[in-house]
Amino acid sequence: MSKRILVPWAMPERGKEVLRRAKIEVIFIHGPKGELPSINELIQAVKQVDVLIPRGTQPVPGRVMMANPNLRGIANYGVGYDNIDVAFATRLGIPVTNTPGVLTETTADLAWALLMATARKIPQAHNYTLSGEWRGPGGRSFMGMDIGPGGSNRRKVLGIIGFGRIGQAVMRRSRGFKMKVVAYDPFLKESIEKVKGVEYRELDDLLRESDFITLHCPLTKETHHLIGKRELDLMKPTAILINTSRGPVLDEKALVTVLKKGRIAGAGLDVYEKEPRLAPGLAKLQNVVLLPHIGSATTDTRGQMAVVAAKNAVMMLRGKRPRNIINPEVYHSPEYVRRVKI
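Everything numeric in this text was worked out from a predicted model, so none of it was measured.

Trainee: Any chance you could explain the overall build of the chain here in plain terms?
Mentor: Counting secondary structure elements, the chain contains 13 helices and twelve strands. Oriented by its inertia axes, the alpha-carbon framework of the chain measures out at about 70 × 50 × 35 Å. Across the 342 residues in the chain, those meeting the buried criterion constitute 51%. Across the chain, the fraction of contacts at a sequence separation of at least 24, relative to all contacts at a separation of at least 6, is 61%. Put simply, the chain shows about 16,800 Å² of open surface, and 54% of that area lies on carbon and sulfur atoms.

Trainee: Would you take a moment to explain the nonpolar core for this structure?
Mentor: Within soluble globular proteins, side chains that are nonpolar tend to cluster in buried spots. Counting residues in each nonpolar core, the largest one holds 79 residues, and the members touching the most others are Ile5, Ile161, Ile227, Leu241 and Leu255. The element best represented in this core is helix 12 (residues 299–317), accounting for nine residues. Apart from the residues within four sequence positions on either side, leucine 241 is in contact with Ile213, Leu215, Ile227, Leu232, Met235, Leu250, Leu255, Ile264, Gly266, Ala267 and Gly268. The next biggest cluster of nonpolar side chains, apart from the first, holds 21 residues, and it includes Ile43, Leu52, Ile84 and Leu92.

Trainee: I'm lost on the environment of isoleucine 294 in this one. Help?
Mentor: By secondary structure assignment, the location of isoleucine 294 is in the loop between strand 12 (288–290) and helix 12. Exposure remark for isoleucine 294: the relative accessible area of 32% places this residue in the partly exposed category. As a C-alpha pair, isoleucine 294 and arginine 208 span 86 residues in sequence and 29 Å in three-dimensional space. Apart from residues no more than four positions distant in its own chain, isoleucine 294 is found in contact with Leu110, Asp270 and Arg302.

Trainee: Can you walk me through the packing of aromatic side chains in this structure?
Mentor: Centre distance and the angle of the planes are the two values used to describe a pair of aromatic rings. Scanning the entire structure with this criterion turns up five aromatic pairs. Between tryptophan 9 and tyrosine 77 the ring centres are 4.1 Å apart and the planes differ by 35 degrees, which places this aromatic pair in the tilted class. One end of the pair, tryptophan 9, is in the loop between strand 1 (4–7) and helix 1 (13–21); the other, tyrosine 77, is in the loop between strand 4 (73–75) and helix 4 (86–92), and 68 residues separate them in sequence. Here the two residues tryptophan 9 and tyrosine 77 agree in accessibility, since each one is buried. Ring geometry for tyrosine 128 versus phenylalanine 142: centroids 5.4 Å apart, planes at 55 degrees, classification tilted. Taken together, the positions of tyrosine 128 in helix 6 (residues 122–131) and phenylalanine 142 in the loop between helix 6 and strand 6 (157–161) put the pair 14 residues apart, joining distant regions of the chain. One residue, lysine 16, lies across the ring of phenylalanine 28, its end atom 5.2 Å from the ring centre.

Basis of the calculations
- Residues numbered from 1 in each chain as written.
- Predicted model: local features only at pLDDT ≥ 70, side-chain atom pairs only at ≥ 80, totals over all residues.
- Heavy atoms only, no water.
- Helix = DSSP H or I, 4+ residues; strand = E, 2+ residues; numbered from the N terminus.
- Buried < 20%, exposed > 50% of the residue type's maximum accessible area, 1.4 Å probe, protein only.
- Contact = heavy atoms within 4.5 Å.
- Areas by Shrake-Rupley, 256 points an atom, 1.4 Å probe, with all protein chains shown as cover.
- Core = buried A, V, L, I, M, F, W, Y, C linked by side-chain atoms within 4.5 Å.
- Phe/Tyr/Trp six-rings, centres within 6.5 Å; stacked < 30°, edge-to-face > 60°.
- Lys NZ or Arg CZ within 6 Å of the ring centre and 35° of its normal.

Structural data, given as structure tokens:
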């Protein structure tokens, strides 16, 4: 039987071209508008293939993997991989890869776009301009916050939570605004202390000190609701919170409460706890900017992500080890050896 790859979403053409050049049979399944298949549909389709390329927000629980005892690998399309039960895959001897580095700069750009839009109330002012209510100077005022020193000549403090590739890219962009940068990442404390222009802070101290806080940590058991009611209450009433990491890192319900009470000035979100649903009351707030998870959504970045995911899939299909392996310990597993010999 010929080897097959399953792509259960609308893959960009650049990724498809990689698969065509590899002369591998590919099964594509998705709705007419790019809708993802259900878990049951995914289970049925995965039985027919050797490698799966899921979209980064597409759940791949253990029962999907169990549906095919011969599955050779999962090449995730995305840098985050909390959509996949990696521990379960490792026990089964299934390698899992992601697409790190490709979307770093693009996501950092979006984090800054959210920060600036929230600070200056750009969407609210845009909607007001289109509403027909604007009557020229002297009308409704949209008083925002300076990001640079501004008229007060005070350096604003940018707090970065999670200092990996994206967090560092966000830091680099802050230099043009002459900001003071503080960062928290318990796994990278020594590295942060060596970076010129960045000061390490424990989480509570960062929350108290920062004018703008941006989240860039992966979703793990330790980071689930890392920012909850207690943490939000530590923030300045003039502070703005940005999240382009993963929704459950932030307690969305608690955020709605503090925003309603004016405990913090605003929030800009690209990710949510239960996408595509929003926490009750979030969409009605006037001090938020909400985006539909578009952190990596540029033509160039999404295309290159597809290329990397496709190359990872081809390598796993051929029994080779990709560069972007998340669970390298799998290669010492007898179950992995059994799978690649089939």
